[in-house]
Amino acid sequence: MASGDDDDPIIEEIDVYLAKSLADKLYLFQYPVRPSNMTYDDVNHLSARIKPKQQKVELEMAMDTNSPNYCRSKGEQIALNVDGTTYEETNTYSAKIMDKQTFTSIQATTNTSRYAAAVFRKGELHVTPLSGILQMRPSFTYLDKADTKTREREAANEGGDSSQDEAEEDVKAITVRFARPESEQARQRRIQSYDFLQRKQAEEPWAHLHYHGVKDGHSEHERQYLFCQSVDASENSELVKTPKEYLAMLMPPIAEEKLVKPVGPSNVLSMAQLRTLPLGEQVKTLMKNVKVMPFANLMGLLASGTDSTAALRCIQQVALLVQGNWVVKSDVLYPKNTCSPHSGVPAEVLCRGRDFVMWRFTLERSVLRKEIASIIKLPPEDVKEFLEHVAVPRVNRGWEFLLPTDVEFVKKHTDIAHRQHMLWLGIQSKLEKVFNFSKEDFMPNNSPQPDPVHVTGEQRLKNAQDRAQVNKSSMQKDLNTRRSESSVQVKQEPVSDREDEPMDTSSSSSAINGSVNGYPSAFDHTNGNTGSPANAPSVELKEFVKKTFKKHFVLTLNEFKRLFGLHIASMPSGHSIYPSISDHMLQDAILLCQCKQIMVPFPAQTTAATDEQKVFGLWETGEEFDTQRRLLYELFNKNYRIRRTMIQAKLTQELGDACKADVDRMLNECCISHAGMWYLKGTVPS
């Protein structure tokens, strides 16, 4: 024994036993918001439940409502907010006072292998491993229930006076969508999401428990299991270790990590490691990661002294020639028996789609993404990935090939370019059968243009003067020839002395065979730039406007034009009494017939056309009901949709107590209900 041990002698030896009876059931409860001298041992525990897999515990404890520290009015108010005034079995506080509180657990630590509960008795220490350490904190879920009750009451009050028609018309369109196959990455993200974990936790059922107090006989019986049931050392092998084994448990040896060499640039492969691979693997690895590359750049990445012929032989095995540049083959990127990481589409389908994209770039510099997607019919994510491999987006030009055409390579290696061209012809024939198209459908329309010739301004002016002189002489010659051959004598009339002689604008000269200015009468949809020369609306048009608005009360310009077109179509053929009428004339006719335009403030994102945003309403009929209708129009000048309660309040404010029958009549005449809101006719969003 070392001399230092004499200063620290062993006073007593204690035998340690490992108890396993409660190893999977023993929990340590902590109450961090409660002082240690104020325990809950004497508090009445009303109920207890647990979710074993989650190690989640809830305890419901009674509150002393007779305590001088308890505010009874606050307790009654909380109970009223949570349960309301009704008496139901599901009420949280059946006594109409907050007489209990709930404690919910959270895990203090997820790794409890270092913690145990120990009992010392008669010189023996009995240790039981803990299954969990839980911190019990007050739960405030009753406040969430009170908020829910408040929102329900507000919603009931807000929609209480809506008519039954509104509730029936509150119908929403349902869009049916079919879920596409879920990739492994998407599945992992979904499993790790908060919503998924919340649903999984909610799926585990609660196990209800019976609580026993500290001094209860059942508790005393369970405490006996904290002692090791067998004191035989042979059965406690966990605590019988040799010094070497015990030291290894305290200080485990460091495991040597095996270094796995990366196999490609995707694992940050250095150029030195790359050049240790065979030439074919080097080319394949580079092309798989770069996707598209000129041959000169490839030779620059390979080791100096590499034979270009051997490199050409290798690159033809893993890439195809597109515009003089090498693009990695599709089956190298998408090997057999794999699928898309975005959509789960099989590799065979992906290869066909990507080959079509590469073939299109052999024909032209730019392609359109929509056109590609409409033919190969793959998910947008896959189409975008194909294009990003070999192209970049350009404004108003679609996707342009990533690199300029390598003309030098094509001229230098004509045999390889010809071989690749024949290979593309074979790929084209396969694609034509799969996607049902012909090459002529994609041939560029722009024919080769001659090189531009730069001409100065003086040269252009001189050329124009020469052409004018030649044209003048030829036209004069033709005119003289016609005069000599013609036998018709033209009478020369003296010029009138009156400079203000009026032009004949009578209708007899302009209306020939039922036409206006030589054109048949028709409904003109322009903004008044053409049409009848008469500006004032006819009597017949005014009568039609009055009759229509007395029937419909509110109309958009688009709807009125539709009704007017039906009216003209119903008239006998050849008996049309209306000249050509523009939109401007129609609006003037409406405004002259006791109607006014309602300036409805449509939202900025509205899809309504211009004619649909022009709303007109009947303003004056001579009835007392006109006042209520004008108040309604005033509301719609401020908002494009309103609630019935706002209309009722406006009428009450201006006219006193408004009759419900009058309000219903006004709404039925001028408005339409949709999703609990009222809109003017024709303004409901589609």
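Above this text you will find the structure in question.
Note that the structure is predicted; figures quoted are calculated from it, not measured.

Rules used in this analysis
Residues numbered from 1 in each chain as written. Predicted model: local features only at pLDDT ≥ 70, side-chain atom pairs only at ≥ 80, totals over all residues. Heavy atoms only, no water. Helix = DSSP H or I, 4+ residues; strand = E, 2+ residues; numbered from the N terminus. Buried < 20%, exposed > 50% of the residue type's maximum accessible area, 1.4 Å probe, protein only. Contact = heavy atoms within 4.5 Å. Areas by Shrake-Rupley, 256 points an atom, 1.4 Å probe, with all protein chains shown as cover. 1 Å grid on protein atoms, 1.4 Å probe; cavity = no way out; pocket = protein on both sides within 12 Å on 5 of 7 lines; lining within 4 Å. Points joined across faces, edges and corners; volume = space filled by probe spheres on them. Nonpolar A, V, L, I, M, F, W, Y, C, P; charged D, E, K, R; others polar. Pairing = 2+ DSSP bridges. Axes fitted to C-alpha atoms, helices over the stretch in contact; angles between N-to-C directions. Parallel < 35°, antiparallel > 145°, perpendicular 65-115°, else oblique. Left-handed = near helix turned anticlockwise from the far one by under 90°. Expected span 1.5 Å × (residues − 1). Arc of directions from axis to C-beta. Salt bridge = Lys/Arg side-chain N within 4 Å of Asp/Glu carboxyl O. Core = buried A, V, L, I, M, F, W, Y, C linked by side-chain atoms within 4.5 Å. Phe/Tyr/Trp six-rings, centres within 6.5 Å; stacked < 30°, edge-to-face > 60°. Lys NZ or Arg CZ within 6 Å of the ring centre and 35° of its normal.

Student: Tell me about the overall build of the protein, residues and numbers included.
Tutor: Looking only at helices and strands, one finds 26 helices and 22 strands in the protein. Taken across its 686 residues, the protein has 30% of its residues classed as buried. Taking contacts inside the protein between residues at least 6 apart in sequence as the whole, the part at least 24 apart equals 65%. Carbon and sulfur atoms make up 53% of the accessible area of the protein, which amounts to about 46,900 Å² in all.

Student: Quick one: what's the story with the layout of surface pockets, residue by residue and with numbers?
Tutor: Approximately 1,500 Å³ is the volume found for the largest pocket. Taken together, 34 residues form the lining of the largest pocket, with Leu26, Tyr27, Phe29, Tyr211 and His212 sitting closest to its centre. Counting only elements with at least two residues in the lining of the largest pocket, the list comes to strand E2 (27-30), strand E3 (45-51), strand E4 (56-62), strand E6 (116-121) and helix H6 (217-223). Take the lining of the largest pocket: its biggest share by element is four residues, from H6. Of the residues assigned to the lining of the largest pocket, the class counts are 20 nonpolar, eight polar and six charged. Taken as a whole, the second largest pocket spans an internal volume of roughly 380 Å³. Secondary-structure elements contributing two or more residues to the lining of the second largest pocket are E3, E4, strand E5 (100-109) and helix H2 (141-158). Looking at the lining of the second largest pocket residue by residue, the class counts come to four nonpolar, seven polar and five charged.

Student: I'd like a rundown of the sheet that holds strand E10 (residues 292-293), residues and numbers included.
Tutor: The sheet built from three strands is open, its strands ordered E10-E12-E11 with antiparallel pairing. In the strand order of this sheet, the two ends are held by E10 and strand E11 (319-322), each with one partner. Bridging between E10 and strand E12 (residues 325-328) involves two bridges; their strand directions are antiparallel. When the sheet's bridge partners are listed, Val292 is paired in E12 with Val327. Strands E11 and E12 of the sheet are contacted by helix H13 (residues 347-363), whose axis makes an angle of about 30° with E11.

Student: Go over the sheet that holds strand E13 (residues 366-367), please, and point to the residues and values.
Tutor: Judged by pairing direction, the sheet is antiparallel, and its three strands sit side by side in the order E13-E15-E14 without closing on themselves. Of all strands in the sheet, those bounded by a partner on one side alone are E13 and strand E14 (391-394). Looking at chain direction, E13 and strand E15 (residues 398-401) are connected through two bridges and run antiparallel. Following the sheet pairing, Val367 is matched in E15 by Trp399.

Student: Run through the packing of H13 against helix H15 (residues 380-390), naming residues and quoting values.
Tutor: Two quantities define a packed helix pair, namely the angle between the axes and the distance from one axis to the other. Relative orientation of the contacting elements H13 and H15 amounts to 45°, with a least axis distance of 10 Å. One finds that H13 runs oblique with respect to H15. Crossing of H13 against H15: the hand is right-handed. Residues Leu350, Gly353, Arg354, Val357 and Phe361 of H13 pack against Asp382, Phe386, Leu387, His389 and Val390 of H15. Across the contact of H13 with H15, the residue classes tally to six nonpolar, two polar and two charged.

Student: Quick one: what's the story with helix H25 (residues 644-655), residue by residue and with numbers?
Tutor: For H25, built from 12 residues, the straight-helix expectation of 16 Å at 1.5 Å per residue is met to within 8% by its first-to-last C-alpha distance of 16 Å. Inspection of H25 places Arg644, Ile647, Lys650 and Leu651 among the buried residues, and these make up the whole buried set. Buried residues of H25, seen end-on, are gathered within an arc of 125° and therefore sit on one face of the element. At the C-terminal side of H25, Gly656 shows a positive phi close to 90°.

Student: Please provide a residue-by-residue account of the pattern of salt bridges, values included.
Tutor: Overall, the coordinates contain 23 salt bridges when judged by the stated rule. Of the charged contacts in the structure, one is a salt bridge between Lys200 and Glu203, with a shortest N-O distance of 3.6 Å. Placement of the pair is Lys200 and Glu203 together in helix H5 (residues 194-203), with a separation of three residues, close to one helical turn. With relative accessibility at 44%, the residue Lys200 sits in the partly exposed group. Among the ionic pairs, Glu400 bridges to Arg394, the shortest N-O distance being 2.9 Å. Judged by relative accessible area, Glu400 falls into the buried class, the value being 15%. Each of Glu623, Asp626, Arg629, Arg665 and Glu669 takes part in one network of salt bridges that share partners.

Student: Quick rundown of the side chain of Asp626? Include the residues and the values.
Tutor: You can see Asp626 is positioned in helix H24 (residues 625-636). Residue class for Asp626 comes out buried when judged on its relative accessible area of 4%.

Student: If you had to explain the nonpolar core to someone new, which residues and values would you point to?
Tutor: What tends to happen in soluble globular proteins is that the nonpolar side chains get buried as a cluster. Grouped together as the largest cluster of nonpolar side chains are 53 residues, with contacts concentrated most on Met287, Trp326, Phe356 and Phe361. With eight residues, the single largest contributor to this core is H13. Counting 44 residues, the second-largest nonpolar core is a separate cluster that includes Phe564, Cys595, Ile598 and Ile642.

Student: Got a sec to walk through the packing of aromatic side chains? Specific residues and values, please.
Tutor: How two aromatic rings sit relative to each other is set out by the distance from centre to centre and by the angle between their planes. In the structure shown here, the tally under the stated rule is 16 aromatic pairs. For the ring pair Phe356 and Trp359, a centre distance of 5.9 Å and an interplane angle of 40° mean the geometry is tilted. Of this pair, Phe356 and Trp359 are both found in helix H13, three residues apart, which corresponds to roughly one turn of the helix. Judged by its relative accessible area of 0%, Phe356 falls in the buried class. These aromatic residues form a ring-pair network of at least three members: Phe544, Phe549, Phe560 and Phe564. Between the NZ or CZ atom of Arg34 and the centre of the ring of Tyr40, over which it lies, the distance is 4.1 Å.

Student: Could you give me a rundown of helix H26 (residues 660-670), with the residues and numbers involved?
Tutor: Residues of H26 that are buried include every one of Val663, Met666, Leu667, Glu669 and Cys670, and no others. Taken end-on, H26 shows its buried residues confined to a sector of 165°, consistent with a single buried face. H26 presents Lys660 and Asn668 as exposed residues on the side facing more than 90 degrees away from its buried surface. Considering only its buried residues, H26 is in contact with helix H20 (539-552), strand E18 (554-556), H24, H25, strand E21 (671-674) and strand E22 (677-680).

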